[in-house]
Amino acid sequence: MVFQHGWRVCAFIALSLALWSGKVFAQTPEPTESSTVTPSITSSPVELKKLSLEQLMNLDVTSVAKEPQPYGQAPAAIVVLTNDAIRRSGASSIPEALQLADNLNVAQKDSHDWSISARGFNTDLSNKLLVLIDGRSVYSPLFSGVFWDAQDYLLEDIDRIEVISGPGGTLWGANAVNGVINITSKSAKETQGLYIEGGGGMEWSPELQDFEAIRYGGALGPDLFYRFYGKYDARGSEPLLTNGNAANDSWTNGQGGFRIDSITTGQHLTIQGDIYSNIESISTGGTAQKSGGNILERWTRTFDDDSNVSLQFYYDHTFINDPEPEAFLSTLAAAPPGIFTDRLDTIDLDFQHHFHLDDHNNFSWGFGYRYTDDLTGASPGLAFAPSPLLQNLYSLFAQDEIRLLSNVFLTAGSKVEHNDYTGYEYEPSGRLKWDVTENQMLWAAVSRAVRMPSEVDTNERGLTPLLNAFHITSSINGSPGFLSEVLVAYELGYRAQLDKNFSTSISTFFNNYTDIRSTGTTPGGALGILPFVFQNNLMAQTWGVELTTDYQVLDWWRLHAGYDQLNESVWVAPGQLDLNKGLNETADPPNQIFVRSSMDLPGHLELDPAFRWIDTFTYNNSGVPGTVPNYAELDVRLAWHASPNLELSVTGQNLLHPYHLEYVISSPAPTEAISRNVYGKVALRF
Amino acid sequence: MILSRRHFLTSMILAGFVLLGAGQSVSEEYQVKALFLFNFAQFVKWPSSDFSSANEPFRIGVLGENPFGTFLSETVKGESVEGHPLVVQHYDSPAAVKDCKILFVSDSEKEAIGQILAALKDRDVLTVGDTPDFLKEGGIIRFVPEGNKIHFRVGLDRANNLKFSISSKVLRLADPGKD
C-alpha cells in the first residue's frame, strides 16, 4: 500500500514490531495493581492465563452481552455509542463518530465543517443542539451552534457518546431544543498504560492524510490516577463539486490534554484540561486559525443512601481568526475581504443534588451560573456590537421522579433560567414511563424547550463599507428585540430487550415551534428595505419516527439497523414576512437508513461494514429551494489484532463514489463534495 | 470503475460470511470469563480437609450449556493449585454437581437459578454466574459488563459465611456496586 506519508506508518509498524517481539516491554516486572498493560484477546490460552486479575479487568472485550443499562430505563430517545462501536467504525473524528447515531443527521460541508442536528433544522448555522464534552458546553454563543472542527479528543479514551434526540431543556437548559450530545471520556483509572496510534491515507485519498497520537496513564497512589495525551491530524482538501479539483481547504489540528481522577469510596474528584490549535486553509482564500483550551474540575460525593451531590467548575477559552471573503449585496461589491476574530472566555459553575425523598419520590435539583466574555474583532463586512459582550446566565432546576404504581413512573420538573437577552425562560417537562414487562418499556413525554438568542440573531452587523456612498451601511442586522425560539414537543416511545440478543427502540415525536428565526426588512431604511433584519416570524411543525435495532446474530456477529423519518412544515406567521420564504432554517433529509454489521472473524480479524442512505433534501438557495440529491455510501473497516498489543486496521470511507455531495451552503464559496477516503492505522496498547 | 469496486466490496463482505461459517470460536467475553475462573482458583483457599487426597483434582464445574468451548480446559491444562491438578467438569443437571470447588452456572440455567443456588447453599462451592439476579438468588460471584470490559461483583453476605476463604485481593478488585 502506498501511503501519502508512508514513512510515518512504516516507522510505527517498525516500532510496534520492536515493542511486540523485541521484548522491550516484555521484561517489565510483574504488573502491579495499577497495571500499565492493556492486552487484548488475541493470544492462545497459554499466553492469556499469565494475565493477572487486574489485567483481566482491563481487557477490552467486544460483544459483551448487554444487560439492562441505566439508559435502557431512561424515558427518552437515546442512542449510546460505546468506545468499542466508535473504534470499530474507523471514525477518525467526533463528527465521523456521530454518524453512528441513527437519530442524528450528520452532513459534511467541506474538509473542516459539518452540519449536525437531530429532528431537523440542520441549517447552515444549525442551532438547536446542545453538545457537552465531559460536562463542558461547546456551543458558541456567537450562533448557538458548534464549530465541529474545534471539538476533538483522543477517541481511544472516549468512554461513550450519548445522543438524545428530543428536548432536554429541563435538565440541560437553553439550547437543548432538538437534542443533546453528551461526550464522556474515560476516567484516568480506565486509561492506564501507554497507547500509541498512527497512520495515514492512501495517496489518492484526500481526507485523512496523516495522524498520530500518544497517551500515557499512570497511578500516583492506590486511588489517584492520571493520564496525558497529545494528538495531531493532517487532513487534505475535499474536491469541488463541479470538477473534482481540490478546493484548497486542507487543515491540521493538534491537541493535548490531561485528566486526573481521585476515586475513593463515595467520592470522585476529576481535574482535566485540554489545549488545541487548528490551522485551516479556506477555499475562498486565506488561512483560518482556531485555538483554545479549557480546565475543568468536578467533585461527586455519593452517600450511603445512594443520594449524591456534584459540583463542577470549568473555564474555557476559544479563539477564532477567520478570513472573510469579499461580500456582495446582490451583484454589488459591499465589503472588501478581511479578517474576523472572536475571543470567547467562559466560566461555568454547576451544582446538582440527587436524593430519595421517600419510597415514591426520587428528587433532583441544582443550580448553575455561566459568565461569558466575547470579544469580536470586526472584518470590513462583519461586525458584532457591542464588543466585548459580557453576559450572565443563571439557572435553577428541580425534578421529581414519582413512582405512581410499581411499574409506572412520572418524572416532572422544570428549569428556570435567566439570560441577558430575554430574561426568564421556563423549560418544564413531564415524562411518563411504564415498564410493561421487565424488558419492555413504553414512555411518553411533553416538554417545552427554548433556544435563546445568539449574537447573530441580536448583534450582527453585515457591514457594507463600499456602499456607504449610497447610504447603505449594512446589509443585514440582528434585532436587539429578538425572542427565544420556543418548542413544545410531544413524544411517544417504546424500547425493548426482546431477548438477550435482540433489542429495539422506536421513538415518535410531534414538535410545535413558534418564533423561529426569519429575515425581514427595515421599512423606510436604505432603498426602503435595508438593512434586512432577523425576526421571529416563522412557525413550524415537525413529526417523525426514529427506529433502531440491534441483533446479536451469533457470538461473533452483530447487526444494527436504523431508520429515521422526518416531516417538516415551516410557514410564515400570518401577516408577516420572511425574505427566505421559510427555507433558511431547514436542510433536512426526510429519510435516513443505516445498516451496520460487526463481525469477529477467525484469525483475530474484525470486519465492520457500515451502509447509509440519505434522502434528497432541499436547502435555501437565495429564497428558492435548491436540492441535494440522495446518496448511498459505504464505510468498511478491517482490523487485525496481530498481538495483544498491536492492532492494524484499514478503513475505507464513502467507498461507493469517488465523491458525493452532502450539503450546500448559499455562499460565495464554491460547493464542495466529500471524497472517498482510505486510511491505514496502527494502534499499540501497553 | 465504480461498478467494479462495488462488486469487489460486495464479494469481500460475502467472503466474510463464508469464512465465518467455517470457524467456530468462543466469544471473547467467555474467553475472559474462563480466564477469571482460572484466576479465582488461585485466590480462593479451601481447607485441605475438603480434598480426599493430596492429589485429588481441583474441579472447575460448568453447569448447563458450555459457553467456553475448549478454551477453559485448554487454559487449566497442566495447571494445579497446591498440588491438586485443575480439571474442568461439565454437568447437565444440578443433581449431577459434586466434588467441584468452583461452579460456573451457565446462562442456560437462568430460569432455575434460584433452586440451583439454594441446593448448593450448604456445599463448599464457589458459585460464579453472569445472570442479573445471580447474587440476589444466593450466588457468590457474578460477572458484570463494565463498558467493554468484564468486571465482577461479590455477594458479600454469602462470602462472609463460607468455610473457604476468598482472598482480599479478589474482594478488593470486585466492583462495589450492589445488585
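Please refer to the structure higher up on the page.
1. So, the nonpolar core
Residues and elements named next belong to chain A. Among the nonpolar cores identified, the biggest contains 47 residues, and Leu98, Leu104, Ile116, Trp148, Ile161 and Ile181 are the most heavily contacted of them. Elements with a contribution of two residues or more to this core: β1 (77–82), α5 (94–98), β3 (114–117), β4 (129–133), β6 (158–165) and β7 (179–185). Excluding residues that lie within four positions of it along the chain, Ile181 makes contacts with Leu98, Leu104, Ile116, Leu129, Leu130, Val131, Leu132, Trp148, Ile161, Glu162 and Val163.

2. Topic: empty space enclosed by the protein
Left-over empty space is what a probe sized like a water molecule reveals as it rolls over the atoms. Residues and elements named next belong to chain A. Considering all chains together, one arrives at 12 cavities of 30 Å³ or more under this definition. Estimated volume of the largest cavity: approximately 500 Å³. With five residues, strand β14 (residues 308–324) is the single largest residue contributor to the lining of the largest cavity. Looking at the lining of the largest cavity, its residues break down into 15 nonpolar, 17 polar and eight charged.

3. Some remarks on the pattern of salt bridges
Residues and elements named next belong to chain A. Using the criterion set out here, one finds 44 salt bridges over all chains in the structure. Residue Arg119 is joined to Glu491 by a salt bridge in which the shortest nitrogen-to-oxygen separation is 2.9 Å. Of this pair, Arg119 sits in the loop between β3 and β4 while Glu491 sits in strand β26 (residues 485–499), placing them 372 residues apart in sequence. A relative accessible area of 5% places Arg119 in the buried class. Put simply, Lys231 and Asp152 hold a salt bridge, and the shortest N to O gap is 2.6 Å. With Lys231 in strand β10 (residues 224–235) and Asp152 in the loop between β5 (136–137) and β6, this pair connects stretches of sequence that are 79 residues apart.

4. Digging into the pairing of strand β17 (residues 338–358) of chain A
Pairing geometry for β14(A) and β17(A), over 17 bridges, is antiparallel. Paired with A:His317 across the bridge in β17(A) is A:Asp345.

5. Here's the deal with the environment of A:Leu404
Residue and element names in this part refer to chain A. With respect to the secondary-structure elements, Leu404 resides in strand β20 (residues 389–405). Residue classification places Leu404 among the partly exposed residues on the basis of a relative accessible area of 46%. Separated by 29 residues in the primary sequence, Leu404 and Lys433 place their C-alpha atoms 9.9 Å from one another. For Leu404, the contacting residues outside a window of four places in its chain are Phe409, Leu410 and Leu432.

6. Here we look at the environment of A:Lys189
All names here are of chain A. On the secondary structure map, Lys189 appears in the loop between β7 and β8 (193–201). Note on Lys189: relative accessible area 43%, which makes it partly exposed. C-alpha of Lys189 to C-alpha of Arg259: the two residues are 70 residues apart in sequence and 9.7 Å apart in space. Discounting chain neighbours no more than four positions away, the residues touching Lys189 are Phe225 and Ile263.

7. Quick look at the side chain of A:Asn459
All names here are of chain A. With respect to the helices, strands and loops of the structure, Asn459 is situated in helix α7 (residues 455–459). Asn459 gets classed as buried once you look at its relative accessible area, which sits at 9%. The residues contacting Asn459, other than those within four sequence positions of it, are Ala383, Phe384, Ala385, Pro386, Leu389, Tyr421 and Gly478.

8. A closer look at a nonpolar patch on the surface
Residue and element names in this part refer to chain A. A cluster of nonpolar residues, Ile295, Trp299, Leu311, Phe313, Tyr315, Ile347 and Leu349, forms a patch on the protein surface that exposes about 540 Å² of accessible area. Counting only elements with at least two residues in the nonpolar patch, the list comes to β13 (287–302), β14 and β17. Ranked by residue count, the leading element in the nonpolar patch is β14, at three residues.

9. Regarding the packing of aromatic side chains
What the rule picks out here adds up to 27 aromatic pairs over all chains. Between A:Phe355 and A:Phe363 the ring centres are 5.6 Å apart and the planes differ by 50°, which places this aromatic pair in the tilted class. Residue classification places A:Phe355 among the buried positions, given a relative accessible area of 19%. Given the relative accessible area of 22%, A:Phe363 is considered partly exposed. Three or more aromatic residues joined by ring pairs form one cluster here, namely B:Tyr30, B:Phe36, B:Phe40, B:Phe68, B:Phe104, B:Phe143 and B:Phe152. Sitting over the ring of A:Phe534, A:Arg517 keeps its end group 5.5 Å from the ring centre.

About the thresholds
- Residues numbered from 1 in each chain as written.
- Chains lettered and ligands numbered in written order.
- Predicted model: local features only at pLDDT ≥ 70, side-chain atom pairs only at ≥ 80, totals over all residues.
- Heavy atoms only, no water.
- Core = buried A, V, L, I, M, F, W, Y, C linked by side-chain atoms within 4.5 Å.
- Buried < 20%, exposed > 50% of the residue type's maximum accessible area, 1.4 Å probe, protein only.
- Helix = DSSP H or I, 4+ residues; strand = E, 2+ residues; numbered from the N terminus.
- Contact = heavy atoms within 4.5 Å.
- 1 Å grid on protein atoms, 1.4 Å probe; cavity = no way out; pocket = protein on both sides within 12 Å on 5 of 7 lines; lining within 4 Å.
- Points joined across faces, edges and corners; volume = space filled by probe spheres on them.
- Nonpolar A, V, L, I, M, F, W, Y, C, P; charged D, E, K, R; others polar.
- Salt bridge = Lys/Arg side-chain N within 4 Å of Asp/Glu carboxyl O.
- Pairing = 2+ DSSP bridges.
- Patch = residues over 30% accessible without salt bridge, like charges linked within 9 Å, V, L, I, M, F, W, Y side chains within 5 Å.
- Areas by Shrake-Rupley, 256 points an atom, 1.4 Å probe, with all protein chains shown as cover.
- Phe/Tyr/Trp six-rings, centres within 6.5 Å; stacked < 30°, edge-to-face > 60°.
- Lys NZ or Arg CZ within 6 Å of the ring centre and 35° of its normal.

All we've got here are geometric facts, nothing functional implied.
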